[in-house]
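Residues per chain, in single letters:
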Amino acid sequence: MLGDEYIELRKTVEAFAREVVAPVIGDYYERCEFPYDIVRKMGAMGLFGLPVPEEYGGMGGDYFALCLALEELARVDSSVAITLEAAVSLGAMPILRFGTAEQKEHWLPKLASGEMLGAFGLTEPGGGTDVPGGMRTTAVLDGGEWVIDGTKAFITNSGTDITGVVGVAAITGRNGAKPEISTILVPSGTPGFTVSKKYSKVGWSASDTRELSFSGCRVPEENLLGERGRGYAQFLQTLDEGRVAIAALSVGLAQGCVDESVRYVGERTAFGNAIGRYQAIQFKIADMEARVHTARLAYYHAAERMLAGLPFKKEAAIAKLVSSNAAMDNARDATQIFGGYGFMNEFPVGRFYRDAKILEIGEGTSEVQRMLIARELGLGA
Amino acid sequence: MNIVVCVKQVPDTATERKLRSDDKTLDRDAADGVVNELDEYAVEEALRLKEAHGGEVTVLSMGPAKATETIRKALAMGADKAVHLSDDALRGSDALSTSYALAETLKKIGFDLVILGSESTDARTGVLAAMLAERLGTPQLTLANKVEVDGSAIAIQRVTDYGYDKVEASLPAVVSVVEKINEPRYPSFKGIMAAKKKPVETLAIGDAEISADQVGLASAWSEVVDFAAAPPRAAGTVVKDEGDGGVKAAEFLASKKFV
């Protein structure tokens, strides 16, 4: 059972998503426009500061509170949910976890209020799964400054008008054959840091995703985030948490498919009856409900272990794997139930269908999740 | 400034609402209780006035034990404390006796300004603010879409059919608000957690010196004699335009007394 404060938070975000996001998000999506107005309102209700301590302007909540908010937002729309997810779990959390006192004081209050968005640059055009093997971006110390050169791909929140900082993972040296990876904070607008135009994406169309390039980009040495050479380890921890968040977001999308379908099959008639009276439809929706229910339990369990300080790598991987599958399967089934209307962008299920696929790719592909689960079972290469 | 916001828990308008067959009062257990929508605007306005002028915001709600959910939401939005008037003797109170009970409670807890929504989504009488002001002997400033306080002076814009009237008075006063006045905030997680620690004082009628023979169903001045479910919507009338469509449309409107 959830505590009262979590139940109230969930209700509040549910109302926000229904009243503020649902009526307008379709138009933003159609125009591929970033919904600044919605993001500002999300900031006003404290969503960007959910797991950030009050001393840094946050809500003093925890990561599970963030997950509940993500689920409720994604029931209505995934673009705003991924904007929140990336801003908090990839933008603010690494600074909170690994930053110096100065870095935290400088960045966190603005990130926690939502007045500024943060991003993280890990993936490169050459790959995101084999991070150490695929990384080409380098940072070299020169006269007390890091000089960064390289390219980052598919970076969420990196080019909005309110993006303030991007954490950039870069090779800062070699340990024998292994690259030494560190993370460096690069403020938006730093000379030599170029943000390209938005990608044309299949889904998440109202979110901001861009390619970043660095050419002789110089930032002060103290912009190093955490220890030099610990960038990859930091990232693995960030990603474990992020998987639980993406699982929550996936559960939201899968639930949205059930909500929309249940409503629609009561209204739509065929052969003289509401189609919800036909077993072919009922069984489809029953399967959808079973998927979303089990996926939710999986992410609750992973979050519970994470907050208790227990190992949760396997649980997070399982939650991410099953919930992204649930989202994809439910989106496919909901679209089928809606028939031709499901293929129309103006219907939420049309958006759900377009938004689901990336969930099996981002924050570790389904194959990576299976690899992690197998490894946790002691199955090595 | 000591601001008291009157907040009512009402059945969710999105669900089916019904009356009880035994005593013909609202079946409050049949639907989820939510904050009366206009009262959320009242809470927001109270919080804005407090932010601008300082002071304290107290939530006052009369209702069964379940109304604590509604009180908690107002506290999560940022109100400082709450008074919950709850007593079985109050069940079935009409607008007159409700205004009596609330007025007695308000006299006991004290106030500079009372703010409430201009009507509730369940009873929709829209008379409570006026009755409260009368019972408290204060000016009533109703249907406000703007409130300004300057020292002990208060001015509102009162929404009318033709625009608005500017109405001025001095505190203490009772103000009712309409939905155009502001955009209520959503509670933050910090607000939700803080609300759990804020004081909620529960009063029975004796605590507020409310006499039992002036409240409740038996003392109500109005009585629901009978009720029936709304009939299903009938099919509309189709008029074929044979050059006289305009006349027929006008006749229809005239028959419904729209023109």
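- Chain B has the name Electron transfer flavoprotein subunit beta in an unreviewed UniProt entry, where Planotetraspora mira is given as its organism.
- Regarding chain B, the UniProt comment filed under Subunit (unreviewed entry) reads as follows: "Heterodimer of an alpha and a beta subunit."
- A UniProt comment under Cofactor (unreviewed entry) is attached to chain B, and it reads "FAD".

- Named according to an unreviewed UniProt entry, chain A is Acyl-CoA dehydrogenase originating from Planotetraspora silvatica.
- Under the Sequence similarities (unreviewed entry) heading, UniProt states for chain A: "Belongs to the acyl-CoA dehydrogenase family."

Concerning the interface of chain B and chain A
Here is step 1 of the chain: Each partner contributes residues to the interface: chain B has 10 residues there, and chain A has 19 residues.
Here is step 2 of the chain: A buried area of about 1,300 Å², summed over both sides, lies between chain B and chain A, and 63% of it is on carbon and sulfur atoms.
Here is step 3 of the chain: Remark: the boundary between chain B and chain A carries 4 salt bridges.
Here is step 4 of the chain: With a closest N to O distance of 3.8 Å, Asp4(A) and Arg72(B) form a salt bridge.
Here is step 5 of the chain: There are 3 residue pairs in polar contact (both at pLDDT 80 or more) connecting chain B and chain A.
Here is step 6 of the chain: Looking at the side of chain B that touches chain A element by element, the count peaks at 4 residues for helix 5 (residues 189-195) of chain B.
Here is step 7 of the chain: Taken together, the residues that form the side of chain B that touches chain A break down as 5 nonpolar, 1 polar and 4 charged.

Considerations on the UniProt feature "domain: Acyl-CoA dehydrogenase/oxidase N-terminal" (unreviewed entry) in chain A
Here is step 1 of the chain: UniProt records the feature "domain: Acyl-CoA dehydrogenase/oxidase N-terminal" (unreviewed entry) at residues 4-115 of chain A, using the numbering of this structure.
Here is step 2 of the chain: Between the C-alpha atoms that bound residues 4-115 of chain A the distance is 29 Å, and the span itself is 76% helix and 0% strand.

With respect to the domain arrangement of chain A
Residue and element names in this part refer to chain A.
Here is step 1 of the chain: Segmenting chain A into domains produces domain 1 (4-117), domain 2 (119-228) and domain 3 (232-376).
Here is step 2 of the chain: Put simply, the middle of domain 1 and the middle of domain 2, counted by C-alpha atoms, are 22 Å apart.
Here is step 3 of the chain: Contact residues are listed per partner, giving 28 residues for domain 1 and 25 residues for domain 2.
Here is step 4 of the chain: On the surface where domain 1 and domain 2 come into contact, there are 0 salt bridges.
Here is step 5 of the chain: Counting across the domain 1 and domain 2 interface gives 11 residue pairs in polar contact (both at pLDDT 80 or more).
Here is step 6 of the chain: Those elements that place two or more of their residues in the side of domain 1 that touches domain 2 are helix 1 (4-31), helix 2 (36-44), helix 4 (78-98) and helix 5 (101-113).
Here is step 7 of the chain: Here the side of domain 1 that touches domain 2 gets 11 residues from one element, more than from any other, and that element is helix 4.
Here is step 8 of the chain: Here the residues of the side of domain 1 that touches domain 2 are counted per class, giving 19 nonpolar, 7 polar and 2 charged.

Some points on empty space enclosed by the protein
All names here are of chain A.
Here is step 1 of the chain: On inspection of all chains with the given rule, the structure shows 1 cavity of 30 Å³ or more.
Here is step 2 of the chain: Volume-wise, the largest cavity comes out at about 30 Å³.
Here is step 3 of the chain: Every residue along the wall of the largest cavity is listed here: Leu90, Gly91, Pro94, Ile95, Ala119, Phe120, Val165, Gly167 and Leu185.
Here is step 4 of the chain: Of all the secondary-structure elements, those providing two or more residues to the lining of the largest cavity are helix 4, strand 1 (117-121) and strand 4 (163-175).
Here is step 5 of the chain: Ranked by residues supplied to the lining of the largest cavity, first place goes to helix 4 with 4 residues.
Here is step 6 of the chain: Each of domain 1 (4-117) and domain 2 (119-228) accounts for three or more of the residues forming the lining of the largest cavity.

Digging into the nonpolar core
Here is step 1 of the chain: Leu73(A), Leu84(A), Tyr299(A) and Ile154(B) are the most contacted members of the largest nonpolar core, which totals 132 residues.
Here is step 2 of the chain: Top element by residues in this core is helix 7 (residues 231-267) of chain A. It accounts for 13 residues.
Here is step 3 of the chain: In contact with Leu84(A), not counting residues within four places along its chain, are Met42(A), Leu47(A), Phe48(A), Leu66(A), Ala69(A), Leu70(A) and Leu73(A).
Here is step 4 of the chain: With 25 residues, the next largest nonpolar core counts Met62(B), Leu90(B), Ala103(B) and Ala129(B) among its residues.

A closer look at the pattern of salt bridges
Residue and element names in this part refer to chain A.
Here is step 1 of the chain: In this structure the tally under the stated criterion is 43 salt bridges over all chains.
Here is step 2 of the chain: In this structure, Arg97 engages Glu241 in a salt bridge whose closest nitrogen and oxygen atoms are separated by 2.2 Å. Residue Arg97 is located in helix 4, and its partner Glu241 is located in helix 7; the two are separated by 144 residues in the primary sequence.
Here is step 3 of the chain: Looking at Arg97, the relative accessible area reads 37%, which means it is partly exposed.
Here is step 4 of the chain: Note that Arg218 and Asp142 form a salt bridge whose closest N and O atoms lie 2.6 Å from each other. A residue pair is termed long-range when its members are at least 10 positions apart, and Arg218 in strand 7 (residues 209-220) and Asp142 in strand 2 (residues 138-142) qualify at 76 residues.

Procedures and definitions
- Residues numbered from 1 in each chain as written.
- Chains lettered and ligands numbered in written order.
- Predicted model: local features only at pLDDT ≥ 70, side-chain atom pairs only at ≥ 80, totals over all residues.
- Heavy atoms only, no water.
- UniProt positions renumbered as here; feature names shortened; annotations may be inferred.
- Contact = heavy atoms within 4.5 Å.
- Buried area = accessible area lost by both parts, 1.4 Å probe.
- Salt bridge = Lys/Arg side-chain N within 4 Å of Asp/Glu carboxyl O.
- Polar contact = N/O pair within 3.5 Å; in protein donor to acceptor, adjacent residues only side chain to side chain.
- Helix = DSSP H or I, 4+ residues; strand = E, 2+ residues; numbered from the N terminus.
- Nonpolar A, V, L, I, M, F, W, Y, C, P; charged D, E, K, R; others polar.
- Domains from an automatic or database assignment.
- 1 Å grid on protein atoms, 1.4 Å probe; cavity = no way out; pocket = protein on both sides within 12 Å on 5 of 7 lines; lining within 4 Å.
- Points joined across faces, edges and corners; volume = space filled by probe spheres on them.
- Core = buried A, V, L, I, M, F, W, Y, C linked by side-chain atoms within 4.5 Å.
- Buried < 20%, exposed > 50% of the residue type's maximum accessible area, 1.4 Å probe, protein only.

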